[in-house]
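Coordinate analysis (summary)
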Amino acid sequence: MRRFLVLAALAAFFLLPAAAHGSSYIRYGVQDDGWLEFGPGTLDERLDQLDALGVDVVRVTVDWRATEPRARGYDWSRADRLLEGLHSRGIAPLVTLYGSPRWANGGRPENWAPVSTTSFAAFARNIAERYPYVRMWAIWNEPNQRRWLRPTTPATYVAKLLNPAYAAIHSVSPRSQVAGGVTAPRGSTRGVSPVDWISGMAAAHARLDAYAHNPYPLRPGESPMSGGCDHCETITLATLPRLLRDVQRAFGVHTRIWLTEYGYQTNPPDKLLGVSYATQARYVSEAAHCAYEAPRVDVLIHYLVEDEPDAARWQSGVYSAADRAKPALQALRFPFAEQSRTGRRTTLWGQVRPGRAATYRLLRFDAGKWVRVGADVRTTARGYLKRVVNAASGARYRLWIRAERTYSAIVTVR
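Structural notes, computed from the coordinates. Every chain begins its residue count from 1, and numbering advances along the sequence as written. Given that this is a predicted model, residues contribute local features only at a pLDDT of at least 70 and side-chain atom pairs are listed and counted only at 80 or more, while totals for whole chains, interfaces and linings are drawn from all residues. As a rule here, side-chain values cover all heavy atoms of the structure and leave hydrogens and water aside.

A word on the layout of surface pockets
Applicable threshold: Cavity means a closed set of points on a 1 Å grid over the protein atoms alone, one where a 1.4 Å probe fits but cannot get out, pocket means an open set with protein on both sides within 12 Å along at least 5 of 7 lines, and lining means a residue has an atom within 4 Å of a point. Grid points are joined across faces, edges and corners, and a volume is the space filled by probe spheres set on the points. The helix count covers DSSP runs of H or I at least four residues long, the strand count covers runs of E at least two residues long, and both are numbered beginning at the N terminus.
For the largest pocket, the calculated volume is near 1,200 Å³. Lining the largest pocket are 43 residues, and of these Tyr 216, Glu 261, Tyr 303, Glu 308 and Trp 314 sit closest to its centre. Sorting the residues of the lining of the largest pocket by element identifies helix 2 (33-38) and strand 2 (57-63) as the ones contributing at least two each. With four residues, the single largest contributor to the lining of the largest pocket is helix 2.

In structure tokens form, the structure reads like this:
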């Protein structure tokens, strides 16, 4: 019932022309800066791996402090390698600008805002000129938390970072989209909730084309569709309608939504916060479906590609730290989820990536083997599919993708 209510809220949200349907051209991607730069094999091999995953976009952080360690003294070597490599594969980079140099912020750590309103604007202008093919930009990361931005106020963020960068990027790249916010799902200690951050940005006259948010779950028991706190000032994927409503109220119906980090850690290795491998795979597919159905959501980024070697850090990869594939890898390549169920009438949703037309076969597990359900079928032009089946609770389905000669993740009807 909770699952149905959330989907109904997304479908019916603000019955306006722009919000009547989900974002049919949503782009799915990943972020893993460490793996992209230093992971197994060569950079070309890792880029080929991303290409094989079928991602539309890869989020990359460009550290201002490392790129301009001295005023007007640039080192573009890292950005050149990563951004040009993605561009050569036809993968769109979503570039996050973060980290102020000591010369710009009065000798403080990189999470302090610059003293001048012009220094960050100059950096943003230079990077937009250098990479004209980059059309997606996010300004800072989780500035509503004290560890990422000080002073931790929406007014500081808008005046010193967002608005100067927005104007600078659009001055040299008018077709670019610049996302503001990039908020964490909660403010944490001495931070600001995303709800208050959105209204504070509006009061400070923020300029943005999209509002970016990192809608991580706040506990392992929270799924993409249920378990979020409706009355709290946190915003997770399970409470996505609140983000849609608050952004529309603050910035208007034409402001797009980018979900710039999302993922579930697994157990193993994280015994405290992790979910099982099978649950992670299911949630990856369900998150893709949730974002697809939501109005104005144009981006969903999975974080990470590979678990971090330190088990105390982030473990949401589709590969383990030993470079072994988790079931979530297939869910990322070919998301497949239960959309709705009334009695035995069950609607299944999925996508074959990269997003282009493909032929698939629906299979059901029956009497110890996988059997065909109907004829082979063609997806939409962007690889999407919907199938209605007569299924009891516990029935298992998966897809066979002929061109890739592989299977999707498994859906177990609930």
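Once the structure has been displayed, the description carries forward.
A look at the sheet that holds strand 1 (residues 27-31)
Inclusion rule: Two strands form a pair only when DSSP identifies at least two bridges running between them. Each axis is a line fitted through C-alpha atoms, taken for helices only over the stretch in contact, and angles between the N-to-C directions span 0 to 180 degrees. Only heavy atoms enter the contact rule, under which two residues are in contact if any of them lie within 4.5 Å.
Ordered in space as 1-2-3-4-5-6-7-8, the eight strands form a closed barrel in which the pairing is parallel. When strand polarity is set aside, the average angle formed by the axes of neighbouring strands in this sheet is 25°. Along the sheet, helix 5 (residues 77-88) makes contact with strand 2 and strand 3 (92-98), crossing strand 2 at roughly 170°. Contacting strand 6 (210-213), strand 7 (256-262) and strand 8 (297-303), helix 10 (residues 240-251) crosses the sheet at an angle of about 135° to strand 7.

Considerations on empty space enclosed by the protein
In total, this model carries one cavity of 30 Å³ or more according to the counting rule given. As a volume, the largest cavity reaches approximately 110 Å³. Considering the residues around the largest cavity, the lining is formed by Tyr 28, Gly 29, Tyr 262, Tyr 283, Val 284, Ala 287, Ala 288, Leu 300, Ile 301, His 302, Leu 332 and Arg 353. For the lining of the largest cavity, the secondary structure elements donating two or more residues are strand 1, helix 11 (277-293) and strand 8.

Let's talk about helix 8 (residues 154-172)
Applicable threshold: Each helix should span, by expectation, one fewer than its residue count multiplied by 1.5 Å. Values of bend correspond, residue by residue, to the angle between axes fitted over the seven residues ending at that residue and the seven starting there.
Between its terminal C-alpha atoms helix 8 stretches 26 Å, which fits the 27 Å expected from 19 residues at 1.5 Å a residue. In helix 8, a bend of some 35° at Leu 162 exceeds every other bend along the element, and Pro 164, a proline, comes one to four places later.

Thoughts on the state of the cysteines
To be explicit about the condition: Sulfur atoms of two cysteines make up a disulfide when they are within 2.5 Å. Burial classification: accessible surface area is computed with a 1.4 Å probe over protein chains only, and a residue below 20% of its type maximum counts as buried, one above 50% as exposed, and the rest as partly exposed.
Inspection of every chain in the model, using the stated rule, returns one disulfide. What pairs with Cys 229 in a disulfide is Cys 232, and their sulfur atoms sit 1.9 Å apart. Of note, the bridge from Cys 229 to Cys 232 carries an S-S torsion of about 65° and is right-handed in sense. The thiol sulfur of Cys 290 is not disulfide-bonded, and the nearest other cysteine sulfur, from Cys 229, lies at 17 Å. By relative accessible area, Cys 290 is classed as buried at 0%.

Section: the packing of helix 3 (residues 43-53) against helix 5
Heads up, the rule is: The cut-offs work like this: below 35 degrees is roughly parallel, past 145 is roughly antiparallel, 65 to 115 is roughly perpendicular, and the gaps in between are oblique. Two helices crossing with the near one rotated counterclockwise from the far one by less than a right angle form a left-handed crossing, whereas a clockwise rotation gives a right-handed crossing. Here the term charged refers only to Asp, Glu, Lys and Arg, the term nonpolar to Ala, Val, Leu, Ile, Met, Phe, Trp, Tyr, Cys and Pro, and the term polar to all other amino acids, Gly among them.
The contact between helix 3 and helix 5 brings their axes to 10 Å, and the two run at 40°. Classified by the interaxial angle, the pair formed by helix 3 and helix 5 is oblique. As for the relative orientation of helix 3 and helix 5, their crossing is right-handed in sense. Between helix 3, through Leu 43, Leu 47 and Leu 50, and helix 5, the contact on the second element is made entirely by Arg 81, Leu 82, Gly 85 and Leu 86. Here the residues of the contact of helix 3 with helix 5 are counted per class, giving five nonpolar, one polar and one charged.

Let's talk about helix 3
Formally: What the arc describes is the spread of directions from the helix axis to the C-beta atoms.
For helix 3, every residue scored as buried is listed here: Arg 46, Leu 47, Leu 50 and Leu 53. On an axial view of helix 3, the arc spanned by its buried residues comes to 110°, and they lie on one face. Remark: Gly 54 follows helix 3 within two positions and exhibits a positive phi of approximately 80°.

Things to note about the nonpolar core
What counts, and what does not: We call a set of buried residues a nonpolar core when its members are Ala, Val, Leu, Ile, Met, Phe, Trp, Tyr or Cys and they connect through side-chain atoms within 4.5 Å of each other.
Counting 100 residues, the largest nonpolar core has Leu 50, Leu 97, Ile 139, Tyr 157, Met 201 and Tyr 211 as the members making the most contacts within it. With near-sequence residues (within four places) excluded, Leu 97 lies in contact with Val 62, Phe 120, Phe 123, Ala 124, Ile 127, Trp 137, Ala 138, Ile 139 and Trp 140. In terms of nonpolar packing, the next biggest core, distinct from the first, is built from 17 residues, Phe 334, Leu 348, Leu 399 and Val 413 among them.

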